[in-house]
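# Fold and contact review
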Amino acid sequence: MQPQPPSTHRPPAAGSSGPQPPDPSTWRRDLSASLVIFLIAVPLSLGIALATGAPLQAGLVAAAVGGIVAGVLGGAPLQVSGAATGLVVVTAELVGRYGWRATCAITALAGLMQLALGTARVARGALAVSPAIVHGVLAGIGVTIALGQLHVVLGDTPNSSALENLAALPSELGHPHPSALLVGAVTVAVLVAWPRLPGRAGLWLRTVPAPLAAIAAATGASTGMSVPRVSLPEWRLQALPALPDGPVLGVFAAVLTVTLVASMESLLSAVAVDRLRAERAGMQEGPADLDRELAGQGAANVVSGLLGGLPIAGGAIRGSANVEAGAASRKSTVLHGLWVLLCAGLLTTVLELIPLAALAALVMVVGVKMVSFAHIKHVQRHREFPMYASTLGAVVLFGVLQGVAVGIVVTAFLSLRRLAYTRITVEQEGAGHVVRVSGQLTFLAVPRLSRALTQIPAGAVVVVELGGSFMDHTAYDTLQSWTNAHRARGGWVTLRGRGGRPIAEPVSTHACRPWTPWRNHHCTRPALPADAPAPGGGQQLLGGVSAFQRNTAPLVRDELARLAREGQCPTQLFLTCADSRLVTSMITSSGPGDLFTVRNVGNLIPPPATDGSCDSVGAAVEYAVEVLKVGSITVCGHSGCGAMQALLDSAGPSTAGRSGAGRSGGGTGSGGKAPADPQTPLVRWLRHGRPSLARMQRIGRLGRGEVAMADRPVADALERLALVNVMQQLDHLMAHDCVARRVAEGSLQLHGMYFHVAEAQAYVLDAASRTFAAVRPEVLDAV
């Protein structure tokens, strides 16, 4: 890992021996990744410049400056900065109102404000804005971009506002420009179809970025057509920025808008890219420093504004492509900026062959993708859709800064309403009464609560259902006082929460709840006197089933009824060991209908053409792949596996003695010892693990190092065999024709996993490096 700059004041990590020298192999990875993002950045930057009405070379200036300046100074090393998609609408308005040179000045001033904010270390505070507002702003910008660029695709020029573009759309659709429409259609078709190309040829072609392929195809299709094309005039000194001519308050609002949108887009993108970085093994850079990133973005905007470039922000699209391409350090970002600089100087003639309709179609598709249905479902699930919709609508109708203000106002109003609104009803059910409280129970609702409770006759049986998640002290005191008084008069009161669960229970009862952090449910065992004999396993099992019927069944009954009607449709086949310590639903946080699970001794997958006694696993694989159409298969091994220990024991004392079996604590197969009788079912089954044992012995003898842990050395022979076995069983999977065909089509992915029981830690296999990397706690996906 590279040393952090002195400005971060970070102490060295525990156990670290100081800065590590750079690995020469990272240069190759960074060089390859820089070429990939360069091929994405050039057409995207030109398209953004076209959409804003700025000179086209301004997009290339922004891409070069964003790569070099933000890449060197930024705090998110793998983030790629450049012309900002989220600022298209703002920049277009600034160009139309103040002119291009004044827009460059506003960009530089916004950069100075970002530098000040980064120095003040307020970057984390920007993430306090509700994700619903952020996604609403991006979606509104996306709608505005798509509407404006659709006019260019149809052969016309966009209007000044989204409403005008929408009003003029019917007449444009009735009289399109055939050549421009054809070029735009080719661009969109390639962008949509490129990630879905099937087979091995498609896998090879997909190494070329989709934007580059789409622009190349559209340029080829436009040969001989009379369509407007890219024009890159020489950069002249008079293009330098000039102070805006207008009211000071209006200029300040423009600078504030650029600062706000660019900063939010950069910081949220940095968080998303940092999450991808954390999931990858072999990364040279550490976690993102958001304050340094904000200052780096400010420096890049100052330079871009002074050189006549577009406003700059970090982009999740380019950053995620950088990580996926294998970048290991910030060198890939800086190199991509250098390639853009060389391209702008040496390939002007090639760039001027690109039709403007193709760039417009590219940016239009990017705008459509900014309206994410996944984000809509997310905000709907959290009851924040009104904030999202109002922000989106205000951005489209009035502008970005106004949209953010409307979103904040709506968020504050809904938060206050949720806190203040409480619905209290009293209903008679049978011989008793039910008091239902919907919403938060605060002091504001105490008068209504008191009036409702006075309706209950003395001595009645009462159930109070509290449907909210919060009760302040005033409401609690009121409810508790009335409960004590009602019971003193001979009445009976029960307090219940959501789903009818009691709010408080005696300590001796079973208090485990579903969907909470898992614990060993000893509380389902029946209570017995100290001198009583130990109960059989059936009693504990019956106690657990009883607890399920009491606590969990009411919560999952609707979901299970839906699955019963619609049938199962899992997305993954999960194949793991039968060891009782592996709880697949706990490890994967999955629920009913999520996983198609196969468990056997040693998580073995016999290859095809073995004897008929092994057809069970093969049948499950075939059913999952051919009938259920799962999208991924995961093979999961684990520490202390008795099956692996039995294989080691069968190999002789020299290998088994190094396994540390005494530390593993047993596992499948009652401590790991295989029966001596070679005709037992267990011994016959374990012969399917012999290829794994042979592979490990071959690795050990030749010293190939074909399996490793990313964060620590492999503990012993038993763990090494468990890891090798996961890789071997993935090879066995590929021997199944149905699996090999789906993998070649690109519709099925294979994954390896290893679970260390004592550490409660999952490790995921990186097939390229044959390394198992620890899965870390997730970072909040803010984008």
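Conventions used here
- Residues numbered from 1 in each chain as written.
- Predicted model: local features only at pLDDT ≥ 70, side-chain atom pairs only at ≥ 80, totals over all residues.
- Heavy atoms only, no water.
- Helix = DSSP H or I, 4+ residues; strand = E, 2+ residues; numbered from the N terminus.
- Buried < 20%, exposed > 50% of the residue type's maximum accessible area, 1.4 Å probe, protein only.
- Areas by Shrake-Rupley, 256 points an atom, 1.4 Å probe, with all protein chains shown as cover.
- Patch = residues over 30% accessible without salt bridge, like charges linked within 9 Å, V, L, I, M, F, W, Y side chains within 5 Å.
- Salt bridge = Lys/Arg side-chain N within 4 Å of Asp/Glu carboxyl O.
- Pairing = 2+ DSSP bridges.
- Contact = heavy atoms within 4.5 Å.
- Axes fitted to C-alpha atoms, helices over the stretch in contact; angles between N-to-C directions.
- Core = buried A, V, L, I, M, F, W, Y, C linked by side-chain atoms within 4.5 Å.
- 1 Å grid on protein atoms, 1.4 Å probe; cavity = no way out; pocket = protein on both sides within 12 Å on 5 of 7 lines; lining within 4 Å.
- Points joined across faces, edges and corners; volume = space filled by probe spheres on them.
- Nonpolar A, V, L, I, M, F, W, Y, C, P; charged D, E, K, R; others polar.
- Parallel < 35°, antiparallel > 145°, perpendicular 65-115°, else oblique.
- Left-handed = near helix turned anticlockwise from the far one by under 90°.
- Expected span 1.5 Å × (residues − 1).
- Polar contact = N/O pair within 3.5 Å; in protein donor to acceptor, adjacent residues only side chain to side chain.
- Arc of directions from axis to C-beta.
- pLDDT = per-residue confidence, 0-100.
- Right-handed = clockwise from strand over helix to strand, strands pointing away.

Along the protein chain, the regular secondary structure elements total 31 helices and 13 strands. Scored against the burial criterion, the 783 residues of the protein chain give a buried share of 47%. Carbon and sulfur atoms provide 62% of the accessible area of the protein chain, an area that totals close to 37500 Å².

There is a patch of nonpolar side chains on the surface, built from Leu342, Leu346, Leu347 and Val350 and spanning about 400 Å² of accessible area. Position of Leu346 relative to the elements: it lies in helix 14 (residues 331-346). Taking relative accessible area as the criterion, Leu346 reaches 70% and is therefore assigned exposed.

So, on to the sheet that holds strand 7 (residues 572-577). Across the sheet, 7 strands lie side by side as 8-7-9-11-12-13-10; this open sheet has mixed pairing. Each edge of the open sheet carries a strand with a single partner, namely strand 8 (595-600) and strand 10 (708-709). Sheet topology places strand 7 next to strand 9 (residues 632-638); 5 bridges connect them, and they run parallel. Along strand 9, the bridge assignment pairs Phe574 with Thr634. Packing against the sheet, helix 24 (residues 615-627) makes contact with strand 7, strand 8 and strand 9, and its axis sits at approximately 170° to strand 8.

Looking now at the nonpolar core. Soluble, globular proteins show a tendency: their nonpolar side chains are buried together. Ranked by size, the top nonpolar core spans 80 residues in total, and within it Val42, Leu46, Leu56, Ile141, Leu310, Leu351 and Leu359 carry the most contacts. The contacts of Leu351, once residues within four sequence positions are left out, are Val42, Leu46, Leu60, Val230, Leu232 and Cys343. Ranked by size, the runner-up nonpolar core spans 49 residues in total, among them Trp685, Leu721, Leu733 and Leu748.

Empty space within the second largest pocket amounts to approximately 1700 Å³. Around the second largest pocket, the lining comprises 47 residues; the ones closest to its centre are Ala316, Ile317, Arg318, Ser320 and Ala321. Secondary-structure elements contributing two or more residues to the lining of the second largest pocket are helix 1 (24-52), helix 6 (131-153), helix 10 (210-221), helix 11 (248-278), helix 13 (316-324), helix 16 (356-369) and helix 19 (400-420). Examining the composition of the lining of the second largest pocket, we find that 10 residues originate from one element, helix 11, more than from any other. For the lining of the second largest pocket, the class distribution of residues is 33 nonpolar, 7 polar and 7 charged.

Our focus in this paragraph is the environment of Asp274. Considering the arrangement of structural elements, one finds Asp274 in helix 11. Along the primary structure Asp274 and Val323 are separated by 49 residues, whereas in three dimensions their C-alpha atoms are 9.3 Å apart.

Now for unusual backbone geometry. For Asn603, which is not a glycine, the phi torsion comes out positive at approximately 40°. Relative to the assigned elements, Asn603 resides in the loop between strand 8 and helix 24. Asn603 gets classed as buried once you look at its relative accessible area, which sits at 2%. In this structure, Ala760 is a non-glycine residue whose phi angle is positive, near 50°. The residue Ala760 is located in the loop between strand 11 (749-756) and strand 12 (761-766) in this model. The class for Ala760 is exposed, based on a relative accessible area of 56%.

Here we take up the packing of helix 18 (residues 385-397) against helix 19. Axes are the key here: two packed helices are described by the angle between their axes and the distance separating the axes. Here helix 18 crosses helix 19 at 160°, and the two axes come no closer than 8 Å. With respect to each other, helix 18 and helix 19 are oriented roughly antiparallel. Crossing hand, helix 18 versus helix 19: right-handed. Only Val400, Gln402, Gly403, Val406, Gly407, Val410, Thr411, Leu414 and Arg418 of helix 19 make contact with helix 18, whose side of the interface consists of Pro386, Met387, Ser390, Thr391, Ala394 and Val395. By residue class, the composition of the contact of helix 18 with helix 19 is 8 nonpolar, 6 polar and 1 charged.

Taking 1.5 Å per residue as the helical rise, helix 12 (residues 290-306) with its 17 residues ought to reach 24 Å, and the 24 Å between its terminal C-alpha atoms agrees with that figure. Counted residue by residue, helix 12 has 14 buried out of 17 residues, so it is predominantly covered. Structurally, the start of helix 12 carries an N-cap: the backbone nitrogen of Asp291 is 3.3 Å from a side-chain oxygen of Asp289.

Bringing the environment of Pro228 into the picture now. Here Pro228 shows up in the loop between helix 10 and helix 11. C-alpha of Pro228 to C-alpha of Glu352: the two residues are 124 residues apart in sequence and 9.9 Å apart in space.

This part is about helix 20 (residues 446-454). Inspection of helix 20 places Val446, Leu449, Ala452 and Leu453 among the buried residues, and these make up the whole buried set. The buried residues of helix 20 occupy one face: seen down the axis, they fall within an arc of 125°. Exposed side chains of helix 20 directed beyond 90 degrees from the buried face belong to Arg451 and Thr454. Close packing links the buried residues of helix 20 with strand 3 (422-429), strand 4 (432-439) and helix 21 (473-488).

Below, the discussion takes up the sheet that holds strand 6 (residues 492-496). Through backbone hydrogen bonds, the strands of a sheet pair up, either in parallel or in antiparallel fashion. Strand order in the open sheet formed by 4 strands is 3-4-5-6, with mixed pairing between adjacent strands. Single-partner strands in this sheet number two, and they are strand 3 and strand 6. Recorded for the sheet is a direction-independent mean angle of 15° between the axes of neighbouring strands. As defined by bridge partners, strand 4 adjoins strand 5 (residues 461-466) across 6 bridges and the pair is classed as parallel. For Val434, the partnering residue across the bridge sits in strand 5 and is Val463. On top of the sheet, helix 21 reaches strand 5 and strand 6; it is set at about 150° to strand 6, its chief contact.

Our next topic: the confidence of the model for the protein chain. Overall, the predicted model of the protein chain reaches an average pLDDT of 80, with 83% of residues at or above 70. Every residue in residues 1-21 scores below 50 in pLDDT, and together they form 18 contacts with partners more than four places removed in sequence or on other chains. For the stretch residues 779-783, pLDDT sits under 50, and the model shows 11 contacts to residues farther than four places along the chain or on other chains.

As a further point, take the pairing of strand 4. Bridge analysis of strand 3 against strand 4 gives 8 bridges, and the strand direction is antiparallel. Bridged to Glu429 within strand 4 is Gly432. Here strand 3 hands over to strand 4 after 2 residues, with Gly430 in that stretch at a positive phi of 65°. Considered for its hand, the β-α-β crossover made up of strand 4, helix 20 and strand 5 is right-handed.

The next thing to look at is the pattern of salt bridges. Counted under the stated rule, the structure contains 14 salt bridges. Residue Asp291 is joined to Arg121 by a salt bridge in which the shortest nitrogen-to-oxygen separation is 3.6 Å. Separated by 170 residues along the polypeptide, Asp291 in helix 12 and Arg121 in the loop between helix 4 (100-119) and helix 5 (123-126) bring together distant segments of the chain. For Glu465, the salt bridge is made with Arg436, and the minimal N-O distance between the two is 3.4 Å. Of the two residues, Glu465 sits in strand 5 while Arg436 sits in strand 4, which places them 29 residues apart along the sequence.

Right, let's get into the side chain of His486. Looking at the secondary structure, you find His486 in helix 21. Apart from residues lying up to four places away in sequence, His486 is in contact with Ile456, Pro457, Ala458, Gly459, Ala460, Val462, Gly491, Trp492 and Val493.

Before going further, it helps to examine the side chain of Ser639. In this fold, Ser639 is placed in the loop between strand 9 and helix 25 (642-650). A polar contact is formed between the side chain of Ser639 and the backbone nitrogen of Val757, at a distance of 2.9 Å.

Looking now at the environment of Val400. By secondary structure assignment, the location of Val400 is in helix 19. For Val400, a relative accessible area of 4% puts it in the buried group. Remark: the alpha-carbon pair of Val400 and Val89, spanning 311 residues in sequence, is separated by 7.9 Å. Setting aside residues up to four positions removed in sequence, Val400 forms contacts with Val90, Val137, Ile141, Thr257, Val261 and Val395.

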